[in-house]
Amino acid sequence: MLKFWEHWFQEEDDDDDIDILEIKGDPPTAPEFQLLPATPHELQVALVRGFFSLQDITRVHDVALDPSVKPIDDRDDNLVYKHHVWRIEFQLKSRCRDLYDRLMETARGIDAELWDGLDDGDEV
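Quantities reported herein were computed from a predicted structural model and do not represent experimental measurements.

**Q** Hey, could you run me through the packing of aromatic side chains in this one?
**A** The final tally for this structure, using the stated rule, is 1 aromatic pair. Between F51 and F52, the ring centres sit 5.1 Å apart and the planes meet at 85°, which makes this aromatic pair edge-to-face. The exposure class assigned to F52 is partly exposed, which follows from its relative accessible area of 37%. Positioned over the ring face of F51 is R102, at 4.6 Å from the centre of the ring.

Right, dumping it as structure tokens:
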């Protein structure tokens, strides 16, 4: 796993609980996006307007209600805010593969444009 991602997952996490994505080939072209400013710089967010249709949102909500979705507690204790988190990668990949693939490819394209941090053969 890339060092960049390691701080998001505590040491005791079981890799079976994390969806591992292998990076293959050249990244796709990033869609049009707006980079929302933040301080510190690392907290900036790329906004892709109209990325989700109303049907996509409904599908994600349906997936999130799957009984196999469980809350997780792997956030850094030093965060200045607390939030509730549910990891739905496996369920989304299984039930809405087209949406999962579009999310991963879009993230890859934006990464390539902004940071170029993912290389062929990497696992994240």
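We are not done yet, so read on.
**Q** Looking at this structure, I do not really get a negative patch on the surface. What am I missing?
**A** A cluster of acidic side chains, namely E22, D26, D116, D119, D120 and E123, defines a negative patch on the protein surface. According to the relative accessible area criterion, D120 is exposed, its value standing at 57%.

**Q** What is the right way to read the nonpolar core from this model?
**A** Generally speaking, nonpolar side chains in soluble globular proteins are found buried as a group. Listed in full, the 7 residues of the largest apolar core are V63, V69, I88, L92, C96, L99 and Y100. The next biggest cluster of nonpolar side chains, apart from the first, holds 5 residues, and it includes A30, F33, V48 and F51.

**Q** What's the story with a nonpolar patch on the surface in this structure? I'm lost.
**A** Together, F52, L54 and I57 make up an exposed nonpolar region whose accessible area comes to about 300 Å². The topology assignment puts L54 in helix α2 (residues 54-64). You can call L54 exposed: its relative accessible area is 70%.

Here is what the cut-offs are and how they apply
Residues numbered from 1 in each chain as written. Predicted model: local features only at pLDDT ≥ 70, side-chain atom pairs only at ≥ 80, totals over all residues. Heavy atoms only, no water. Phe/Tyr/Trp six-rings, centres within 6.5 Å; stacked < 30°, edge-to-face > 60°. Buried < 20%, exposed > 50% of the residue type's maximum accessible area, 1.4 Å probe, protein only. Lys NZ or Arg CZ within 6 Å of the ring centre and 35° of its normal. Patch = residues over 30% accessible without salt bridge, like charges linked within 9 Å, V, L, I, M, F, W, Y side chains within 5 Å. Areas by Shrake-Rupley, 256 points an atom, 1.4 Å probe, with all protein chains shown as cover. Salt bridge = Lys/Arg side-chain N within 4 Å of Asp/Glu carboxyl O. Lys, Arg positive; Asp, Glu negative; His and termini not counted. Charge placed at Lys NZ, Arg CZ, Asp CG, Glu CD. Core = buried A, V, L, I, M, F, W, Y, C linked by side-chain atoms within 4.5 Å. Helix = DSSP H or I, 4+ residues; strand = E, 2+ residues; numbered from the N terminus.

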